[in-house]
Amino acid sequence: MTKSKPLTIENRWDILYVEYPEVYDAFVSVPKDPTMIDVMKKHFDLKDKTVLDIGSGAGDSSFQLSTISKQVIGLEIEDNMRQIAEDKLKELKLTNVSFIKGSALDIRLPDESVDASVAITLPLFIEDEIRTYIREAIRVTKSGGTVINVGIAPFCYGGDLAEIILGESKVTEEDTEGVVDRILRDEFGFSYFDFESIWNYDSVDHLVSTYGFIFGKRAIDHIRKTGRKQIKWTYRVHYLVK
């Protein structure tokens, strides 16, 4: 018997990546203003570069990076996510993108083999794992290259519905993004900047079936009540020139 899909997974990203990769793909594929690649082009020179996309998921970030880079290597540990990316790659017929199986904690590439490494909302929250990932990203990046980490800004989990999802008291406490900030800046010397991006959905149902499915019943109830079709995200971009 086929298991029925629940209304929401209530923030269980581990379940999302393994069991519902198609929902994740639909979630990240909505139109955005500005897009991630708009921000990358403004702040970093990735033209004619080989870029490692760490935690490439269903491929959206890799395909965006391919429009400005010479070569993109997408690194993804989850087979189901990587399969979606591979299928899309065949449809798009891109020759400058490839995907490999691997973990951010053990990147199977030689030292100084890429011009830049990029990680976008990488789901690492344990301090030692964050340090291991950063050391690996630095290791595989060439001297003079750039290590870029794009994460959700502190206290902005779920975008501008953070207080709805977590409750007001949770949003005012130190969160895991604060830990990432401290490690990247204080221990590794990263600089950073923030930017906002509006995610535009074509209907309330579309927002509920992707964003609401991931972030929970509180978010779904709020979306249904207000009829909103946009989510504003605030991102923090940490970067280090090696």
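All figures in this text were calculated on a predicted structure; none of them were measured in a lab.

Now for the overall build of the protein chain. Along its length, the protein chain carries 11 helices and eight strands. In terms of its C-alpha atoms, the protein chain occupies a principal-axis envelope of roughly 50 × 40 × 35 Å. The proportion of buried residues among the 242 residues of the protein chain is 52%. Intrachain contacts of the protein chain at a sequence separation of at least 6 include 76% that bridge at least 24 residues. On the protein chain, roughly 11,900 Å² of surface is accessible, and the fraction owed to carbon and sulfur atoms is 51%. Positive and negative side-chain charges of the protein chain, numbering 31 and 40 respectively, have mean locations separated by a distance of 3 Å.

Another point: helix α10 (residues 204-215). Counting buried positions along α10 yields nine of 12 residues, so the element is predominantly enclosed. Looking at the packing, one finds that the buried side of α10 touches α1 (13-19), α2 (21-28), α7 (162-166), α11 (217-226) and β8 (230-241). Downstream of α10 by one or two residues, Gly-216 has phi in the positive range, about 115 degrees.

Turning next to the side chain of Thr-146. Its place among the elements puts Thr-146 in strand β6 (residues 141-152). By relative accessible area, which is 16% here, Thr-146 ends up buried. Every residue in contact with Thr-146, bar those within four places of it in the chain, is listed here: Phe-44, Asp-115, Ala-116, Ser-117, Thr-141, Tyr-239, Leu-240 and Val-241.

Before going further, it helps to examine the pattern of salt bridges. Enumeration according to the criterion identifies 20 salt bridges in this entry. For Arg-185, the salt bridge identified is with Asp-181, shortest N-O distance 3.8 Å. Here Asp-181 and Arg-185 lie together in helix α9 (residues 176-187), a separation of four residues that amounts to about one turn. For Arg-185, a relative accessible area of 28% translates into the label partly exposed. A salt bridge links Asp-181 to Arg-236; the nearest nitrogen and oxygen atoms lie 2.7 Å apart. With Asp-181 in helix α9 and Arg-236 in strand β8, the pair connects residues that are 55 residues apart, well separated along the chain.

With 56 residues, the main nonpolar core has Leu-16, Phe-27, Met-40, Tyr-211, Phe-215 and Trp-233 as its most contacted residues. Top contributing element to this core by residue count: α10, with seven residues. In this view, Phe-27 contacts Trp-13, Trp-199, Tyr-201, Thr-210, Tyr-211, Ile-214, Phe-215 and Trp-233; residues no more than four positions away in its chain are not counted. With 25 residues, the next largest nonpolar core counts Ile-54, Ile-107, Ala-119 and Ile-130 among its residues.

As a further point, take the packing of aromatic side chains. On inspection of all chains with the given rule, the structure shows 20 aromatic pairs. Summarising the aromatic geometry, the rings of Trp-199 and Trp-233 are spaced 5.3 Å apart at their centres and angled 40 degrees between planes, so their arrangement reads as tilted. Taken together, the residues span a long stretch of sequence, with Trp-199 in strand β7 (residues 191-200) and Trp-233 in strand β8 at a distance of 34 residues. For Trp-199, a relative accessible area of 5% puts it in the buried group. Arranged with centres 4.5 Å apart and planes meeting at 40 degrees, the rings of Tyr-211 and Phe-215 form a pair that is tilted. Within this pair, Tyr-211 and its partner Phe-215 are both found in helix α10, separated by four residues, close to a single helical turn.

Turning next to the pairing of β8. Sheet topology places β6 next to β8; seven bridges connect them, and they run antiparallel. If you follow Thr-146 over to β8, its bridge partner there is Val-241. In this structure, β7 lies alongside β8, joined through 10 bridges in antiparallel fashion. Bridging from a neighbouring strand, Ser-191 pairs with Tyr-239 of β8.

Our focus in this paragraph is the side chain of Asn-149. Following the sequence through the fold, Asn-149 ends up in strand β6. Within the structure, the side chain of Asn-149 is placed 2.6 Å from the side chain of Tyr-133, a separation counted as a polar contact. Discounting residues that sit within four places of it in the chain, Asn-149 has contacts with Ala-119, Tyr-133, Val-180, Leu-184, Arg-236, Val-237 and His-238.

A separate point is the sheet that holds strand β4 (residues 97-101). Reading across the sheet, the eight strands line up as β1-β7-β8-β6-β5-β2-β3-β4 and stay open at both edges, with mixed pairing between neighbours. A strand with exactly one partner marks an edge of an open sheet, and here the two such strands are β1 (32-33) and β4. Note that β1 and β7 share two bridges and pair antiparallel. Bridging from a neighbouring strand, Asp-33 pairs with Ile-198 of β7. Packing of helix α5 (residues 79-92) onto the sheet brings it into contact with β3 (71-76) and β4, and relative to β4 it is tilted by some 160 degrees.

Calculation notes
- Residues numbered from 1 in each chain as written.
- Predicted model: local features only at pLDDT ≥ 70, side-chain atom pairs only at ≥ 80, totals over all residues.
- Heavy atoms only, no water.
- Helix = DSSP H or I, 4+ residues; strand = E, 2+ residues; numbered from the N terminus.
- Buried < 20%, exposed > 50% of the residue type's maximum accessible area, 1.4 Å probe, protein only.
- Contact = heavy atoms within 4.5 Å.
- Areas by Shrake-Rupley, 256 points an atom, 1.4 Å probe, with all protein chains shown as cover.
- Lys, Arg positive; Asp, Glu negative; His and termini not counted.
- Charge placed at Lys NZ, Arg CZ, Asp CG, Glu CD.
- Salt bridge = Lys/Arg side-chain N within 4 Å of Asp/Glu carboxyl O.
- Core = buried A, V, L, I, M, F, W, Y, C linked by side-chain atoms within 4.5 Å.
- Phe/Tyr/Trp six-rings, centres within 6.5 Å; stacked < 30°, edge-to-face > 60°.
- Pairing = 2+ DSSP bridges.
- Polar contact = N/O pair within 3.5 Å; in protein donor to acceptor, adjacent residues only side chain to side chain.
- Axes fitted to C-alpha atoms, helices over the stretch in contact; angles between N-to-C directions.

Keep in mind these numbers describe shape, not what the thing actually does.
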